[in-house]
Amino acid sequence: VQLQASGGGLVQAGGSLRLSCAVSGRTFSNMGWFRQAPGMEREFVAGIWSSGITYYADFVKGRFAISRDNAKNTAYLQMISLKSEDTAVYYCAASTIWGSRRRDDYNYWGQGTQVTVSS
């Protein structure tokens, strides 16, 4: 099983990015995105069930949208109105537990993609 995250980069504050997570080897009912800033704990950002139901961390506040294409076995994270505090390595992850925001419930992880927002 492999999760391959991509789409990170350098963007100015107020800009947008779209992250992708391609999964190979099997399908998962729950996909999630986490992020980790330097010196900080890895934190939950957004999750999506196979049915398309989504859930988010409070700090997202409508700026991020998670989606998935089950036919392509790929999850996405569309981010708009980016702020400097969104700077982090973003990780996609897979779980069989619906609605989980706990890092320990996610068994498979991608390698991470760097998002840097300049102010």
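Just above, that's the structure.
Residues numbered from 1 in each chain as written. Predicted model: local features only at pLDDT ≥ 70, side-chain atom pairs only at ≥ 80, totals over all residues. Heavy atoms only, no water.

## Side note on the pairing of strand β9 (residues 88-95)
Then, in step 1: With 7 of 8 residues buried, β9 lies mostly within the body of the structure.
Then, in step 2: With 7 bridges connecting them, strand β4 (residues 30-36) and β9 associate as antiparallel partners. Looking at the pairing, Arg35 lines up with Tyr90 of β9.
Then, in step 3: When β9 meets strand β11 (residues 113-118), the two strands line up antiparallel, connected through 3 bridges. The residue bridging Tyr90 from the neighbouring strand is Thr113, located in β11. (Buried < 20%, exposed > 50% of the residue type's maximum accessible area, 1.4 Å probe, protein only. Helix = DSSP H or I, 4+ residues; strand = E, 2+ residues; numbered from the N terminus. Pairing = 2+ DSSP bridges.)

## Some points on the pattern of salt bridges
Then, in step 1: Counted by the stated rule, this structure contains 6 salt bridges.
Then, in step 2: A salt bridge links Arg103 to Glu41; its shortest N-O distance comes to 3.8 Å. You can see Arg103 sitting in the loop between β9 and β10 (108-109) and its partner Glu41 sitting in the loop between β4 and β5 (43-49), a full 62 residues away along the chain.
Then, in step 3: Taking relative accessible area as the criterion, Glu41 reaches 60% and is therefore assigned exposed.
Then, in step 4: Among the salt bridges present, the one from Asp105 reaches Arg102, with a minimum N-O distance of 2.8 Å.
Then, in step 5: Overall, Asp105 belongs to the buried group, its relative accessible area being 16%.
Then, in step 6: Residues participating in the shared-partner salt-bridge network are Arg35, Glu43, Arg63 and Asp86. (Salt bridge = Lys/Arg side-chain N within 4 Å of Asp/Glu carboxyl O.)

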